[in-house]
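Here is how the chains run, residue by residue.
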Amino acid sequence: MDERLFTCLAARLEHEAVVLATVHRARGATPRRVGSRMLIAADWCAFSVGGGQAEARVIATARTLLTNAQDETDLAIDLSGRAGAAGVCGGHMQVRLQRWHGAADCARAQALCAALRRGETLDWQPAPDLPPQRLRPQARLLIVGAGHCGLALHEAAQALGFEIWVQDARAECFADGRFAGATVLCGEPTVLAQALATPRDVYAVLLNRDYPSDVAALDVLCRQPPAFLGMMGSARRIATVRAALPQHAAALQALHAPIGLDIDAQTPEEIAVSILAQLVQVRRGRERAAAAGSE
């Protein structure tokens, strides 16, 4: 959510002060991890550091900062269940609250936003006394196949922090405002190379109407394997597609097929939920692995 958050922050700072709340320490059972962030202004909030009483205290403290024109403060969130605690989860969070305001902070937010929009991953230090945190651009969700399941996946993915691209050779799939907000590649699978030309993580999901389309798409995608590659289909169809691409056998070892967590999904909307659950699982796993590697 970093790209969306800093985009929102940069826009808001053009006309009002905003508090950026950042979880910089967490131990035990807590609702959010280190690096979680939210924005608080005088009459609105965006994003979340955990909800409930803990977040209510963050919001109240942030609005005190705004009222008093104070630059920053640290807030301890006790979740031990003891008297005065904000919850019973058992853990503890430390949240840094910083008031962003004026032209200099607006320029700083715009610079971070621009870098993230270019697909760059940044090591950003929220304060001189805090360790750097990793800021990540939105991952790109590449939907290959714009039929019923592709449309359901696009609609369900809107709130999950993906930059969405969709490819299909059938122009009629994109009529009547369908796939609004997505980058549309209307053409044969060779156009998929455009979606791979990015420093962002790409999560490619094949939801084609026939297996020749799968073969053609995988022939492109396997030349520059994305961070995630998944395909819908029966066991027989998957085997047929694999057999048609012996030159990509190594890359196809990473193919998730059939795609989606096994929840007995049948409708396009249920299939979209099962796919997105798997994508979130993979994305969080990659984030944890990257964080562990940087320690």
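One numbering rule holds for all chains: residues counted from 1, following each sequence as written. It should be noted that, the model being predicted, local features are given only for residues of pLDDT at least 70 and side-chain atom pairs only at 80 or more, the latter also being counted only at that level, while totals for whole chains, interfaces and linings use all residues. The side-chain numbers reported here are obtained from all heavy atoms of the structure, hydrogens and water having been left aside.

S.K.: Would you explain the pairing of strand S12 (residues 228–231) in this entry?
M.R.: Regular strands have side chains that alternate between both faces of the sheet. The cut-offs for exposure are 20% and 50% of the maximum accessible area for each residue type, with area from a 1.4 Å probe on protein chains only; residues under the lower value are buried, those over the upper are exposed, and the others partly exposed. Helix and strand assignments come from DSSP, with helices taken as H or I runs of at least 4 residues and strands as E runs of at least 2, each series counted from the N terminus. Both faces of S12 are covered, namely the face carrying Phe228 and Gly230 and the face carrying Leu229 and Met231. Two strands qualify as a pair provided DSSP detects at least 2 bridges between them. Inspection of the sheet shows strand S11 (residues 202–206) paired to S12 by 4 bridges, in the parallel sense. Paired with tyrosine 203 across the bridge in S12 is phenylalanine 228. Seen with its strands pointing away from the viewer, a crossover is right-handed when the path leading from the first strand over the helix to the second is clockwise. Read from S11 through helix H6 (residues 211–221) to S12, the crossover connection turns out right-handed.

S.K.: Any chance you could explain the sheet that holds strand S5 (residues 92–100) here in plain terms?
M.R.: Across a sheet, paired strands are connected by hydrogen bonds in the backbone, their directions being either parallel or antiparallel. Taken in spatial order, the 5 strands make up an open sheet running S3-S2-S1-S5-S4, and their pairing is antiparallel. Since the sheet does not close on itself, it has two edges, and those belong to strand S3 (45–47) and strand S4 (72–78), each with one partner. Direction aside, neighbouring strands of the sheet carry axes that sit 20° apart on average. In the sheet, strand S2 (residues 37–40) pairs with S3 via 3 bridges, with the strands oriented antiparallel. Bridge pairing links isoleucine 40 to cysteine 45 in S3. Helix axes use the C-alpha atoms of the stretch in contact, all axes being lines fitted to C-alpha atoms, and the angles between their N-to-C directions lie in the range 0 to 180 degrees.

S.K.: Would you mind showing me how to read the pairing of S2 here?
M.R.: On S2, burial covers both faces: Arg37 and Leu39 on one face and Met38 and Ile40 on the other are all buried. Two elements, strand S1 (residues 18–27) and S2, share 4 bridges in a ladder whose sense is antiparallel. Paired with valine 19 across the strands is isoleucine 40, a residue of S2. Between the antiparallel neighbours S2 and S3 lie 4 residues.

S.K.: Please clarify how helix H3 (residues 102–117) should be interpreted in this entry.
M.R.: Along an α-helix, a turn takes 3.6 residues, which lines up residues three or four apart on a common side. To estimate how far a helix should reach, multiply one less than its number of residues by 1.5 Å. Here H3 contains 16 residues, and its C-alpha end-to-end distance of 22 Å stays within 8% of the 22 Å for a straight helix at 1.5 Å per residue. For H3, the complete set of buried residues consists of Asp105, Cys106, Ala109, Leu112, Cys113, Ala115 and Leu116. Its buried side turned inward, H3 meets helix H1 (2–12), S5, strand S6 (122–124) and strand S7 (133–135). One or two residues past the end of H3 sits glycine 119, with phi positive at roughly 90°. Contacts are assigned to residue pairs with any non-hydrogen atoms lying within 4.5 Å of each other.

S.K.: Please explain the nonpolar core as it appears in this structure.
M.R.: Note on soluble globular proteins: their nonpolar side chains tend to be buried together. The biggest cluster of nonpolar side chains holds 25 residues, and the ones touching the most others in it are Leu141, Leu153 and Leu279. Looking at this core, the elements with two or more residues in it are strand S8 (139–144), helix H4 (148–156), strand S9 (162–168), S11 and helix H8 (268–294). A total of 5 residues in this core trace back to one element, the largest contributor, which is H8. Not counting residues up to four positions away in its chain, the partners in contact with leucine 141 are Leu153, Ala157, Phe162, Glu163, Ile164, Trp165, Tyr203, Val205 and Leu279. The definition of a nonpolar core used throughout is a set of buried Ala, Val, Leu, Ile, Met, Phe, Trp, Tyr and Cys residues joined through side-chain atoms within 4.5 Å. Among the nonpolar cores identified, the runner-up in size contains 24 residues, and Val144, Val191, Leu218 and Leu255 belong to it.

S.K.: Could you clarify how one ought to interpret the pattern of salt bridges in this entry?
M.R.: Whenever a carboxyl oxygen of Asp or Glu lies within 4 Å of a side-chain nitrogen of Lys or Arg, that contact is scored as a salt bridge. Taken as a whole, this structure holds 20 salt bridges when the rule is applied. Residue arginine 99 is joined to aspartate 71 by a salt bridge in which the shortest nitrogen-to-oxygen separation is 3.2 Å. Of the two residues, arginine 99 sits in strand S5 while aspartate 71 sits in the loop between helix H2 (52–68) and S4, which places them 28 residues apart along the sequence. On the basis of relative accessibility, which here comes to 14%, the residue arginine 99 falls in the buried class. The class for aspartate 71 is partly exposed, based on a relative accessible area of 48%. Here the salt bridges do not stand alone but share partners, grouping Glu3, Arg140, Glu163 and Arg200 into one network.

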